[in-house]
Amino acid sequence: MTVAESKLQESIATLKKAGVRITPQRHAVLDYLLNSMTHPTADDIYKALEDKFPNMSVATVYNNLRVLKEVGLVRELTYGDSSSRFDCNTSEHYHIICEKCNKIEDFHYPSLDEVEKLAAQVTGYDVTHHRLEVYGICKECQQLEKEAK
């Protein structure tokens, strides 16, 4: 069994334990997310699965993403634009975002818990979480810029 298959089986077990029905569409959305490192939008997922599920609507994808998020299997990433992106990697990690093509990649760095503690101390807030985003130009876009010159 591959790592992705193992993660899929674990995720299905989590859904069953939460009393969530495993529909073919839900299974497909979950499988797509687990095998995608691109942090897709709901539209991306819909387009990727529409040939396999021609009767599935974008609303179905959104509903499945909401359920997966509620159970804790998916993280919703919002960056100020109109479309959320979804990440199946729910471990503590950060993102780097290409300013040209908007690709999002994971990178790991020791958690910045001390920043949360300091923020709470200085402001009196009850800090719940933080998010770090790094922006730049990905290798592919750098190469395209070089070729265009």
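Let us look at the structure shown here. (Residues numbered from 1 in each chain as written. Predicted model: local features only at pLDDT ≥ 70, side-chain atom pairs only at ≥ 80, totals over all residues. Heavy atoms only, no water.)

1. Digging into the overall build of the chain
Stated precisely, the cut-off is as follows: Only DSSP runs of H or I reaching four residues or more are called helices, and only runs of E reaching two or more are called strands; each is numbered from the N terminus. Exposure classes here rest on a 1.4 Å probe applied to the protein chains alone. A residue is buried below 20% of its type maximum, exposed above 50%, and partly exposed in between. Two residues form a contact once any of their heavy atoms are found within 4.5 Å.
When helices and strands are tallied, the chain shows 6 helices and 5 strands. Along the chain, helices (α) and strands (β) appear in the sequence α-α-α-α-β-β-β-β-α-β-α when read from the amino end. Projected onto its principal axes, the C-alpha positions of the chain cover 50 × 45 × 35 Å. By residue count, 32% of the 149 residues in the chain fall in the buried class. Across the chain, contacts joining residues at least 24 apart in sequence account for 45% of those joining residues at least 6 apart.

2. A few points about the packing of aromatic side chains
Each aromatic ring pair is described using two quantities: the centre-to-centre distance and the angle formed by the ring planes. The criterion, for reference: Two rings from Phe, Tyr or Trp (for Trp, the six-membered ring) form a pair when their centres sit within 6.5 Å of each other. Planes less than 30 degrees apart are called stacked, planes more than 60 degrees apart edge-to-face, and all others tilted.
Within the structure shown, the criterion is met by 1 aromatic pair. Summarising the aromatic geometry, the rings of tyrosine 94 and phenylalanine 107 are spaced 6.1 Å apart at their centres and angled 40 degrees between planes, so their arrangement reads as tilted. Note that tyrosine 94 is positioned in strand β3 (residues 94-98) and phenylalanine 107 in strand β4 (residues 104-107), a separation of 13 residues in sequence. On the accessibility criterion, tyrosine 94 (4% relative accessible area) is buried.

3. Considering the layout of surface pockets
Definition in use: Here a cavity is any set of points on a 1 Å grid over the protein atoms alone where a 1.4 Å probe fits but cannot get out, and a pocket is any open set with protein on both sides within 12 Å along at least 5 of 7 lines; a residue lines the site when it has an atom within 4 Å of a point. Grid points are joined across faces, edges and corners, and a volume is the space filled by probe spheres set on the points. Amino acids are sorted into nonpolar (Ala, Val, Leu, Ile, Met, Phe, Trp, Tyr, Cys and Pro), charged (Asp, Glu, Lys and Arg) and polar (every other residue, Gly among them).
When its volume is computed, the largest pocket comes out at roughly 350 Å³. If you go around the largest pocket, you meet 18 residues; those closest to its centre are Lys7, Leu34, Cys88, Asn89 and Thr90. Listing elements by their share of the lining of the largest pocket, those giving two or more residues are α1 (3-17), α2 (24-35) and β2 (85-87). Sorting elements by how many residues they give to the lining of the largest pocket places α1 first, with 4 residues. By residue class, the composition of the lining of the largest pocket is 7 nonpolar, 7 polar and 4 charged. Size it by volume and the second largest pocket reaches roughly 280 Å³. Around the second largest pocket, the lining is made up of 14 residues, and of these Arg75, Glu92, His129, His130 and Arg131 lie nearest the centre.

4. Remarks on the state of the cysteines
The condition that has to hold: Sulfur atoms of two cysteines make up a disulfide when they are within 2.5 Å.
Inspection of the entire model under this criterion finds 0 disulfides. Cysteine cysteine 98 shares no disulfide, and the gap to the nearest cysteine sulfur, in cysteine 138, comes to 3.7 Å. In this model cysteine 141 remains outside any disulfide bridge; the closest cysteine sulfur is found in cysteine 138, 3.6 Å from its own.

5. What to know about the pattern of salt bridges
Note the following rule: Every case where a carboxyl oxygen of Asp or Glu lies within 4 Å of a side-chain nitrogen of Lys or Arg is listed as a salt bridge.
On inspection of all chains with the given rule, the structure shows 7 salt bridges. Two residues, glutamate 70 and arginine 66, come together in a salt bridge whose shortest N-O distance is 3.3 Å. Within this pair, glutamate 70 and its partner arginine 66 are both found in helix α4 (residues 58-71), separated by 4 residues, close to a single helical turn. When the shortest N-O distance is used, the salt bridge between lysine 69 and glutamate 76 registers 2.7 Å. The exposure class of lysine 69 is partly exposed, given its relative accessible area of 41%. The network of salt bridges with shared partners includes Lys103, Glu105 and Glu140.

6. Here's the deal with the sheet that holds strand β5 (residues 133-136)
This is how it is decided: When DSSP locates at least two bridges between a pair of strands, those strands are taken to pair. Interaxial angle, 0 to 180 degrees, is taken between N-to-C directions of lines fitted to C-alpha atoms, where a helix line uses only the stretch in contact.
Strand order in this open sheet of 3 strands is β4-β3-β5, and the pairing throughout is mixed. At either end of the open sheet lies a strand with only one pairing partner, and these are β4 and β5. Put simply, the sheet's adjacent strands are angled 25 degrees from each other on average, direction ignored.

7. Topic: the pairing of β3
Counting buried positions over the 5 residues of β3 gives 4, a clear majority of the element. Bridge count between β3 and β4: 4 bridges; the pairing is antiparallel. The partner of isoleucine 97 across the bridge, within β4, is isoleucine 104. Where β3 folds back on β4, the antiparallel hairpin that results is connected by 5 residues, among which asparagine 102 adopts a positive phi of roughly 70 degrees. In this structure, β3 lies alongside β5, joined through 4 bridges in parallel fashion. What sits directly across from histidine 95, in β5, is glutamate 133.

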